[in-house]
Amino acid sequence: LAPQADEAEESVRTWPHLALLGCALFVAYVLALDHVGFVICTVVLIAAFLWIGRYRNVPVIVLCSLVGSLGFFFVFRKIVYVSLPLGREPFLTVSIWLMKLMGMS
């Protein structure tokens, strides 16, 4: 037996507040990028976006945010030669340390 149209519509759930949170997250990312730096901002962005998107596997979130951020950082700085914001102290020290660690000094 096929469900009635009204029953099917009731089972569809939407989360507009999550979409708004995602948009606010990107606005906060852009505003914090110059102060905090690309690497740290992108780690937080990816992790928060996955969490807002209702993904709850914390080890995977941590791994994806770290690998994704460092991967983007390496590609943009080392291969494409894009000047990314490194942040202000104390975040600048972290960015420079990561650049040295990844062979981009």
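Residues numbered from 1 in each chain as written. Predicted model: local features only at pLDDT ≥ 70, side-chain atom pairs only at ≥ 80, totals over all residues. Heavy atoms only, no water.

A. The overall build of the chain, seen in detail. Counting secondary structure elements, the chain contains 5 helices and 0 strands. When the elements of the chain are put in sequence order from the N terminus, they spell out α-α-α-α-α. For 105 residues, the compact-globule estimate of 2.2 N^0.38 gives 13 Å, and the C-alpha radius of gyration of the chain, at 19 Å, exceeds that figure by more than 25%. C-alpha extents for the chain along the principal axes are approximately 65 × 25 × 25 Å. The contacts in the chain between residues at least 6 apart in sequence include a share of 56% that link residues at least 24 apart. For the chain, the exposed surface amounts to about 7,400 Å²; the carbon and sulfur share of it is 71%. Positive and negative side-chain charges in the chain, numbering 7 and 6 respectively, have mean positions lying 23 Å apart. (Helix = DSSP H or I, 4+ residues; strand = E, 2+ residues; numbered from the N terminus. Rg over C-alpha atoms; globule rule 2.2 N^0.38 Å. Contact = heavy atoms within 4.5 Å. Areas by Shrake-Rupley, 256 points an atom, 1.4 Å probe, with all protein chains shown as cover. Lys, Arg positive; Asp, Glu negative; His and termini not counted. Charge placed at Lys NZ, Arg CZ, Asp CG, Glu CD.)

B. Focus on the packing of helix α3 (residues 38-52) against helix α4 (residues 58-79). In the contact formed by α3 and α4, the axes pass within 8 Å of each other and the chain directions differ by 145°. Regarding α3 and α4, the two cross each other, and that crossing is right-handed. For the pair formed by α3 and α4, the contact residues are Phe38, Val39, Thr42, Val43, Ile46, Ala47, Leu50 and Trp51 on the first element and Val58, Ile61, Cys64, Ser65, Leu66, Gly68, Ser69, Leu70, Phe72, Phe73 and Phe76 on the second. When its residues are assigned to classes, the contact of α3 with α4 shows 15 nonpolar, 4 polar and no charged. (Axes fitted to C-alpha atoms, helices over the stretch in contact; angles between N-to-C directions. Left-handed = near helix turned anticlockwise from the far one by under 90°. Nonpolar A, V, L, I, M, F, W, Y, C, P; charged D, E, K, R; others polar.)

C. Representation of a nonpolar patch on the surface in the model. On the surface, Trp51, Val58, Val62, Leu63, Leu66 and Val67 cluster together into a nonpolar patch covering about 560 Å² of accessible area. Take the nonpolar patch: its biggest share by element is 5 residues, from α4. In this fold, Leu63 is placed in helix α4. (Patch = residues over 30% accessible without salt bridge, like charges linked within 9 Å, V, L, I, M, F, W, Y side chains within 5 Å. Salt bridge = Lys/Arg side-chain N within 4 Å of Asp/Glu carboxyl O.)

D. Spatial organisation of α4. Between its first and last C-alpha, α4 extends 30 Å over 22 residues, near the 32 Å set by a 1.5 Å rise per residue. Among all positions of α4, only Ile61, Ser65, Ser69 and Phe73 are buried. Summarising the axial view, the buried residues of α4 lie within an arc of 80°, below the 170-degree limit, and thus occupy one face. Away from the buried face of α4 by more than 90 degrees, exposed residues Pro59, Leu63, Val67 and Ile79 are located. (Expected span 1.5 Å × (residues − 1). Buried < 20%, exposed > 50% of the residue type's maximum accessible area, 1.4 Å probe, protein only. Arc of directions from axis to C-beta.)

E. Spatial organisation of the nonpolar core. Tyr29, Leu33, Phe38, Val39, Cys41, Phe73 and Met99 are the most contacted members of the largest nonpolar core, which totals 16 residues. For this core, the secondary-structure elements that each account for two or more residues are α2 (16-36), α3 and α5 (91-101). When sequence neighbours within four positions are dropped, the list of residues in contact with Val39 reads Ser69, Leu70, Phe73 and Leu98. (Core = buried A, V, L, I, M, F, W, Y, C linked by side-chain atoms within 4.5 Å.)

F. Broad picture of the side chain of Thr42. Secondary-structure assignment places Thr42 in helix α3. In this view, Thr42 contacts Tyr29, Ser69 and Phe72; residues no more than four positions away in its chain are not counted.

G. Broad picture of the pattern of salt bridges. Applying the stated rule across the entire model yields 1 salt bridge. Here Asp34 and Arg88 are joined by a salt bridge, their closest N and O atoms 3.1 Å apart. Of this pair, Asp34 sits in helix α2 while Arg88 sits in the loop between α4 and α5; the two residues are 54 residues apart in sequence, bridging distant segments of the chain. Note on Asp34: relative accessible area 47%, which makes it partly exposed.

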